[in-house]
Amino acid sequence: QVQLVESGGGLVQPGGSLTLSCAASGSIFSIPAMAWYRQAPGKQRDLVASITRGGRTNYADSVRGRFTISRDNAKNTVYLQMNSLKPEDTAVYYCNADIIMIGVGVPRGYWGQGTQVTVSS
């Protein structure tokens, strides 16, 4: 089986920074894409940023220029560096990964358990 474990959430003041990490473990052959989503109370889960194995990135307009997604393929880990945080960034952040398991030919999507990010003074 595959597991995604997130870390790095917490409480930060407006204008501050946080870095989220998400490590995938299990019988992994390859991870074509990894991403971060977020869900605020009463709202739908939205894409924040994504990154391919080759490093191609995509960002939501609301975070472009403030957040940076990166990954370490050797560690099966994706990061989200969040700068200039705003109260509207408050949400539960979820890691998502398309993973090809050893012995399986097609990718399957997996989710982490979520980590709370609260931006407040």
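Cut-offs applied
Residues numbered from 1 in each chain as written. Predicted model: local features only at pLDDT ≥ 70, side-chain atom pairs only at ≥ 80, totals over all residues. Heavy atoms only, no water. Phe/Tyr/Trp six-rings, centres within 6.5 Å; stacked < 30°, edge-to-face > 60°. Helix = DSSP H or I, 4+ residues; strand = E, 2+ residues; numbered from the N terminus. Buried < 20%, exposed > 50% of the residue type's maximum accessible area, 1.4 Å probe, protein only. Lys NZ or Arg CZ within 6 Å of the ring centre and 35° of its normal. Salt bridge = Lys/Arg side-chain N within 4 Å of Asp/Glu carboxyl O. Core = buried A, V, L, I, M, F, W, Y, C linked by side-chain atoms within 4.5 Å. Contact = heavy atoms within 4.5 Å. Pairing = 2+ DSSP bridges. Axes fitted to C-alpha atoms, helices over the stretch in contact; angles between N-to-C directions.

### Quick look at the packing of aromatic side chains
Counted under the stated rule, the structure contains two aromatic pairs. Seen from their ring centres, Tyr37 and Trp111 are 5.0 Å apart, and the 65° between their planes marks the pair as edge-to-face. Residue Tyr37 is found in strand β4 (residues 28–39), and its partner Trp111 is found in strand β10 (residues 108–111); the two are separated by 74 residues along the sequence. With a relative accessible area of 22%, Tyr37 lands in the partly exposed category. The ring of Tyr94 carries the charged tip of Arg45 above its face, separated from the ring centre by 3.6 Å. Sitting over the face of the ring of Trp111, Arg45 holds its NZ or CZ atom 4.6 Å from the ring centroid.

### Structural notes on the pattern of salt bridges
Tallied over the entire structure, the rule returns three salt bridges. Across the salt bridge formed by Asp89 and Arg38, the nearest N and O atoms sit 2.9 Å from each other. One end of the pair, Asp89, is in the loop between β8 (77–82) and β9 (91–101); the other, Arg38, is in strand β4, and 51 residues separate them in sequence. Accessibility expressed as a relative area gives 14% for Arg38, which makes it buried.

### Considering the nonpolar core
With 32 residues, the main nonpolar core has Trp36, Leu80, Met82, Tyr93 and Ile99 as its most contacted residues. A per-element tally of this core places β9 first, with six residues. When sequence neighbours within four positions are dropped, the list of residues in contact with Tyr93 reads Glu6, Leu20, Trp36, Tyr37, Arg38, Val48, Phe67, Leu80, Met82, Gly114, Thr115 and Val117.

### Section: the sheet that holds β8
Pairing is antiparallel in the open sheet, where four strands are placed in the order β1-β3-β8-β7. The strands lining the two open edges of the sheet, one partner per strand, are β1 (2–7) and β7 (67–72). Neighbour-to-neighbour, the strand axes of the sheet open up by a mean angle of 15°, direction not taken into account. Sheet analysis places β7 next to β8, joined by six bridges and oriented antiparallel. The partner of Arg71 across the bridge, within β8, is Val78.

Just geometry here; none of it tells us what the structure is for.
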